[in-house]
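Remarks on the overall topology
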There are 2 protein chains.
Amino acid sequence: MDNTACTCVALDAMGGDYAPDEAIQGAVDAVSERKNIKVLLVGREAILAGKLKAYTYPKEQIEIVPASEVIETAEHPVKAIVNKKDSSIVVGMKLVRDGKADGFISAGNSGAVLVGGQTIVGRVKGVERSPFAAIIPTKNGVSLLLDAGANVDARASHLVQFARMGSIYMEEAIGVKNPKVGIVNVGAEEEKGNALVKETFPLLKACTDINFVGSCEARDIPMGACDVVVCEGFTGNCLVKMYEGAGIMLRSVAKECLLSSTRSKLGALLIKPAIRTAAKKFDASAYGSAPMLGLKGLVVKAHGNAKAKQFKFSIFQVETFKKQDLGNKIGKKFEAEAEAKKETLAARRAAKNN
Amino acid sequence: MDNTACTCVALDAMGGDYAPDEAIQGAVDAVSERKNIKVLLVGREAILAGKLKAYTYPKEQIEIVPASEVIETAEHPVKAIVNKKDSSIVVGMKLVRDGKADGFISAGNSGAVLVGGQTIVGRVKGVERSPFAAIIPTKNGVSLLLDAGANVDARASHLVQFARMGSIYMEEAIGVKNPKVGIVNVGAEEEKGNALVKETFPLLKACTDINFVGSCEARDIPMGACDVVVCEGFTGNCLVKMYEGAGIMLRSVAKECLLSSTRSKLGALLIKPAIRTAAKKFDASAYGSAPMLGLKGLVVKAHGNAKAKQFKFSIFQVETFKKQDLGNKIGKKFEAEAEAKKETLAARRAAKNN
């Protein structure tokens, strides 16, 4: 196999509600569909080897990387990363750090993925914080909402970097030209907002490498008002989860009411194909899962309830990231800025000393 | 009319997208349905008098209070309240301040209602901040989410007061016994959260007069996981608007897909009654609009797109508030605490001086 053309993906087989079966199925589906992908299934060897036997797939495209420990959902992230050196998350992250994998995917403990991403894979020089970028379905496509929960006490300079990284991702990985960037706010006017938004707004306005369109009210996010939706991680996490919760609840109410009479049951049968088409349009899983941006390698956080399809597309997402050279496109930008800043400081210091 | 048994409601006839018609219709509907209510319609006298002529209603139950100015939606709240002394919002608030009305309802500029509430009506002694309390529909009833946007940079002590005021409102005005109070958080565990939530959590836990159940993830709000949902105003505003936006968008997608074929159109006809029943169950307007809690009088903020039904129920909401003596129940609690605090401080000072 030509290694430069091949994408190598480390997949946490032990993370998520349906581990390891759905992750294994996703890996098998991915390698069966695309030749130039190799999946490193990270987890308990005996279990994974036993399960894999049941599948037919190109054997050379899936390899098991043993990891004897599992970080559970409720575990304290920092302690888990420090203490469980042989967990699937730590082992998988190290594969990325050591250049043995192009990306790591996990549906496990979000906090541990976050801590591992920052401490094991590490941030690109110049990137102050690494956000989770959630790819959310909207009326006519998808938007990128970041930060979706990695940094719950972010600062204005962090938000500006999120906006810039998100723009690059949206343009290069999702294919939206000149993506519209909005900052989540409580009103459309520039003077609105909390202290953080008021501080961030003029900085975004002054940014020359993004297409900043101003404030974005939460109400307009589902309609796709902005391609890149910027906020700190607490609000972002709440927004993404409220969006999800509203959908779940409305579906549940709709189901109940459709089953309430013979008449509505018949109606439900008739609308089924149309509903299915709408649901398909509304499924963002084809874009993969939430990438952590600004790291030295790609880390992707899949939903805890991810199934095979989500894992397959997250594997393809790592391939796109590599093909588009996104790590470098984001990395070089921020590294160069960090260098320039350092040189300016050094020059100033030298001038002062002379 | 017996004035103690009668509720007098000041209604901003000039606020909202459908002013003044829907406000007038709401007032007419309210007084036609209930005897012991008097509505003071605040706004441009000639316009209101002209429009009112078209209606049949008990004349003694609606009175026009002239206000020549209107605060527009996009106006700067503080400047508007200061400069437009004869606006419907300022005039209406003064009616409450002067004891001429039991409450004031407006669908106008939220910021102006907020500023007017704090500066004209005024906060109860001991209340640090006055929140907007949004009454949101959930799967099996309603929850109270506060702060829905009045205080976008709130502190921990404010959130604790929101929780306590919200509990009283939920119990006395909505009728939920021993309401479950949750704090909006990014995870279920106690150690999760941003700095504000981490500071607030133990304070809520130590509160003896509320039924605090811990963290509430945004995903669980629509299912009605908590009766009183506490957060600062920025997150709260985003949550309420995202909830609304998700509903609007999903309805729009559903409509499109139902109209996409003859088969689905027929199905849509069949499910119509069931959907209507579900929508009715899901309509929180019978509970009124968002009250500002902790003021010396009741101020209610109706949605900008409020129609007659919403105004009518907001008028009834003022009646309930008065009947349940909620102003006093909230007021006395905080006033007594403020007094006790003052006495403790004075005693300490005296002890120090002796």
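Below you will find a few notes about this structure. (Residues numbered from 1 in each chain as written. Chains lettered and ligands numbered in written order. Predicted model: local features only at pLDDT ≥ 70, side-chain atom pairs only at ≥ 80, totals over all residues. Heavy atoms only, no water.)

A few words now on the packing of aromatic side chains. Using the criterion set out here, one finds 6 aromatic pairs over all chains in the structure. Ring geometry for Phe313 of chain A versus Phe316 of chain A: centroids 6.0 Å apart, planes at 80 degrees, classification edge-to-face. Taken together, the residues Phe313 of chain A and Phe316 of chain A, both in helix H10 (residues 308-323) and 3 residues apart, mark about one turn of the helix. There is no split in this pair, since Phe313 of chain A and Phe316 of chain A are both buried. Here Tyr169 of chain B and Phe321 of chain B contribute two aromatic rings whose centre-to-centre distance is 6.3 Å and whose plane-to-plane angle is 35 degrees, an arrangement assigned as tilted. Here the residue Tyr169 of chain B occupies a position in helix H6 (residues 156-174), and Phe321 of chain B occupies one in helix H10 (residues 308-323), the gap between them amounting to 152 residues. The burial state of Tyr169 of chain B is the same as that of Phe321 of chain B; both residues are buried. One residue, Arg34 of chain A, lies across the ring of Phe316 of chain A, its end atom 3.6 Å from the ring centre. The ring of Phe313 of chain B has Lys312 of chain B lying over it, and the distance from NZ or CZ to the ring centre is 4.8 Å. (Phe/Tyr/Trp six-rings, centres within 6.5 Å; stacked < 30°, edge-to-face > 60°. Helix = DSSP H or I, 4+ residues; strand = E, 2+ residues; numbered from the N terminus. Buried < 20%, exposed > 50% of the residue type's maximum accessible area, 1.4 Å probe, protein only. Lys NZ or Arg CZ within 6 Å of the ring centre and 35° of its normal.)

As a further point, take unusual backbone geometry. Residue and element names in this part refer to chain A. With an omega dihedral of -5 degrees, the bond running from Ala19 to Pro20 counts as a cis peptide bond. Mapped onto the elements, Pro20 comes out in the loop between strand E1 (7-12) and helix H1 (21-33). Cis geometry is adopted by the peptide bond preceding Asp147, which originates at Leu146 and carries an omega value of 10 degrees. Despite not being glycine, Asp325 has its phi angle at roughly 55 degrees, a positive value. By the secondary structure assignment, Asp325 is in the loop between H10 and helix H11 (326-353). On the accessibility criterion, Asp325 (36% relative accessible area) is partly exposed.

Structural measurements only, silent on function.
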